Amino acid sequence: MLNESPITYKTSTHRTSSPEKTLEKISKITTDIGLTRTSNITHLDRIKIPVFTSVRPLAKEGAVSVYAGKGPTEIHAKVSSIMEAVERYSAEIQGTENTILEKYNPENCLNPESLILPRNSYNDNALEWIKGYSIKTSREIYIPANVVFHPYTTEDVHHICLSNTNGLASGNTIEEAIFHGMMEVVERDAWSLFEAFKENKPEINCKNATNEYVCELIEKFRNANVYIKLLDLTSDNDIPTIGAVSEDLTLKDPALLTLGIGTHLDANIAAIRAITEVAQSRATQIHGTREDTTRANLLRDTGYDRMKRINRHWFRKSDETINIEDIPDKSKNSFKEDIELTMKLLEKTGIKDAYYVDLTRDINIPVVRVIIPGMELFSVDSSRVGNRLKPKDLII
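Structure report, in brief. Remember, it's a predicted structure, so these values are computed and weren't measured experimentally.

**Observations concerning the packing of aromatic side chains**
In this structure the tally under the stated criterion is 4 aromatic pairs. One residue, Lys308, lies across the ring of Phe315, its end atom 5.1 Å from the ring centre.

Take a look at the structure:
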């Protein structure tokens with residue numbers, strides 16, 4: 001049963017505690033999860049939007065060991081970096097999990113075929129399962145462990161897909177974590193639709209944004225001669241999703257053709273997430289230590305102009321412009337209300353339920369994995385194409 005979990009901080013994100021209080025709490029457990037260093041790498045990029053990295057050398061094989069965090073201020077970015085490390089640590093198999101191994105039972109298990117799996121990856125095999133809960137009804141249900149843990153390295157057990165981090169989220173409370181996990185799944189769904197169909201999306205004008213951080217962040221890009229454009233990627237569920245894309249007009253480096261996506265019931269928060277994610281992508285590409293940034297060399301081999309052509313759906317002129325303040329703020333005053341509203345919006349598009357697995361470890365920082373059957377994750381794994389992508393011809 002979800003608690004009210006009132007939202008007390010709403011400036012740059014929505015949380016039950018301020019970034020300062022959260023940092024004070026999580027600073028006490030960094031050694032427990034194996035963090036050896038948290039560094040400010042903001043100075044590496046001339047845009048100067050805060051980006052931090054945290055290093056955990058003992059991350060499990062198949063997982064990244066460097067975790068980036070971003071935000072409009074240094075404390076936001078530091079918290080973001082450490083909390084990503086907490087999420088990754090909590091999602092690793094640690095040997096204390098209470099799992100079962102059996103074939104799918106429709107009475108108490110989530111149907112694996114509802115998870116948009118790669119073709120022919122599941123044939124009524126015995127799977128490893130872990131207990132989860134319906135977000136809509138709170139009933140217990142077993143979820144395939146393969147879509148919960150990352151990396152999923154269990155041997156002698158059938159694997160139904162490559163593991164990923166979609167829907168993995170942390171928070172000051174379990175409800176906060178669930179909401180942010182839901183937002184990430186919605187974000188990846190909207191991003192998948194855009195990458196698949198490449199439709200012309202409205203550009204977002206932020207000149208009259210009332211949130212203090214939105215205009216300030218965009219101005220930092222412009223002052224550094226870096227073009228940034230915001231697109232409204234919101235899909236049929238009407239949960240605001242904003243994409244941001246940038247190109248460095250001074251360096252013209254294809255590795256710095258970076259993008260960011262943000263989803264939130266408050267469009268201003270979605271915009272802040274998208275913009276700061278662009279800054280994070282730039283800084284981590286420049287930093288070059290994270291395991292999943294090795295694509296930079298490939299991009300440079302491809303060339304600047306060709307990369308822009310490949311991604312022309314991001315850079316083309318939009319047929320429509322909308323003001324960010326004209327996008328209704330749907331957010332409420334508690335995470336329970338936000339979760340309930342999100343479920344109602346998803347149900348309008350045919351989503352029947354959503355689920356979460358509590359991955360909170362002995363460090364007592366709430367972490368969950370959210371799974372929403374039917375939501376696309378093509379942007380994360382191109383081998384997984386669901387019904388929301390099938391009514392139209394893909395342009396991929």
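**Some details on the sheet that holds strand β1 (residues 37-40)**
Read from one edge of the open sheet, 3 strands run β1-β2-β3, paired in antiparallel fashion. Across the chains shown, the open sheet's two edge strands, defined by having one partner strand only, are β1 and β3 (66-70). The mean inter-strand angle of the sheet, taken between neighbouring strand axes irrespective of direction, is 20°. Packing of helix α2 (residues 74-91) onto the sheet brings it into contact with β1, β2 (51-55) and β3, and relative to β3 it is tilted by some 145°. Contacts from helix α5 (residues 267-287) reach β2 and β3 within the one sheet, and its direction differs from that of β3 by about 140°.

**Considering the layout of surface pockets**
Approximately 680 Å³ is the volume found for the second largest pocket. Lining of the second largest pocket is provided by 26 residues; of these, Glu113, Ser114, Leu115, Ile116 and Asn387 occupy positions nearest its centre. For the lining of the second largest pocket, the class distribution of residues is 10 nonpolar, 9 polar and 7 charged.

**A few points about the state of the cysteines**
What the rule picks out here adds up to 0 disulfides. Cys206 carries a free sulfur, and the closest cysteine sulfur to it, the one in Cys215, is 6.7 Å from it. With a relative accessible area of 6%, Cys206 lands in the buried category. Residue classification places Cys215 among the partly exposed positions, given a relative accessible area of 30%.

**Considering the pairing of β2**
Counting buried positions over the 5 residues of β2 gives 5, a clear majority of the element. On β2, burial covers both faces: Val51, Thr53 and Val55 on one face and Phe52 and Ser54 on the other are all buried. For β1 and β2, the ladder comprises 4 bridges, and the chain directions are antiparallel. In the sheet register, Asn40 faces β2, and the bridge partner there is Phe52. Looking at chain direction, β2 and β3 are connected through 5 bridges and run antiparallel. Bridge pairing links Val55 to Val66 in β3.

**Here's the deal with the packing of helix α4 (residues 212-223) against α5**
Orientation of α4 relative to α5, taken along the N-to-C sense of each, is 25°, at an axis distance of 9 Å. As far as their axial angle goes, α5 and α4 are roughly parallel. As for how α4 packs across α5, the hand of that crossing is left-handed. Only Asn268, Ile272, Ile275, Thr276, Val278, Ala279 and Arg282 of α5 make contact with α4, whose side of the interface consists of Tyr213, Val214, Leu217, Ile218 and Phe221. Considering only residue class, the contact of α4 with α5 consists of 9 nonpolar, 2 polar and 1 charged.

**Quick notes on helix α1 (residues 19-26)**
What α1 keeps buried is the set Pro19, Thr22, Leu23 and Ile26. In a view along the axis of α1, the buried residues occupy a sector of 100°, so they form one face of it. Turned more than 90 degrees off the buried face of α1, the exposed positions are Lys21 and Glu24. Residues of α1 that are buried sit in contact with α2.

**Here's the deal with the pattern of salt bridges**
With the rule as written, the count across this model stands at 18 salt bridges. Arg88 is paired through a salt bridge with Glu84; the nearest N and O atoms lie 3.6 Å apart. Highlighted residues: Arg88 and Glu84, both in helix α2, separated by 4 residues, approximately one helical turn. The exposure class of Arg88 is buried, given its relative accessible area of 12%. Close ionic contact of Lys308 with Glu247 constitutes a salt bridge, the shortest N to O distance being 2.9 Å. Here Glu247 lies in strand β10 (residues 241-248) and Lys308 lies in helix α7 (residues 304-310), a separation of 61 residues in the sequence. Judged by relative accessible area, Lys308 falls into the partly exposed class, the value being 24%. The structure contains a network of salt bridges with shared partners spanning Asp45, Arg46, Asp248 and Arg282.

Quick notes on the rules
Residues numbered from 1 in each chain as written. Predicted model: local features only at pLDDT ≥ 70, side-chain atom pairs only at ≥ 80, totals over all residues. Heavy atoms only, no water. Phe/Tyr/Trp six-rings, centres within 6.5 Å; stacked < 30°, edge-to-face > 60°. Lys NZ or Arg CZ within 6 Å of the ring centre and 35° of its normal. Pairing = 2+ DSSP bridges. Helix = DSSP H or I, 4+ residues; strand = E, 2+ residues; numbered from the N terminus. Axes fitted to C-alpha atoms, helices over the stretch in contact; angles between N-to-C directions. Contact = heavy atoms within 4.5 Å. 1 Å grid on protein atoms, 1.4 Å probe; cavity = no way out; pocket = protein on both sides within 12 Å on 5 of 7 lines; lining within 4 Å. Points joined across faces, edges and corners; volume = space filled by probe spheres on them. Nonpolar A, V, L, I, M, F, W, Y, C, P; charged D, E, K, R; others polar. Disulfide = S-S within 2.5 Å. Buried < 20%, exposed > 50% of the residue type's maximum accessible area, 1.4 Å probe, protein only. Parallel < 35°, antiparallel > 145°, perpendicular 65-115°, else oblique. Left-handed = near helix turned anticlockwise from the far one by under 90°. Arc of directions from axis to C-beta. Salt bridge = Lys/Arg side-chain N within 4 Å of Asp/Glu carboxyl O.

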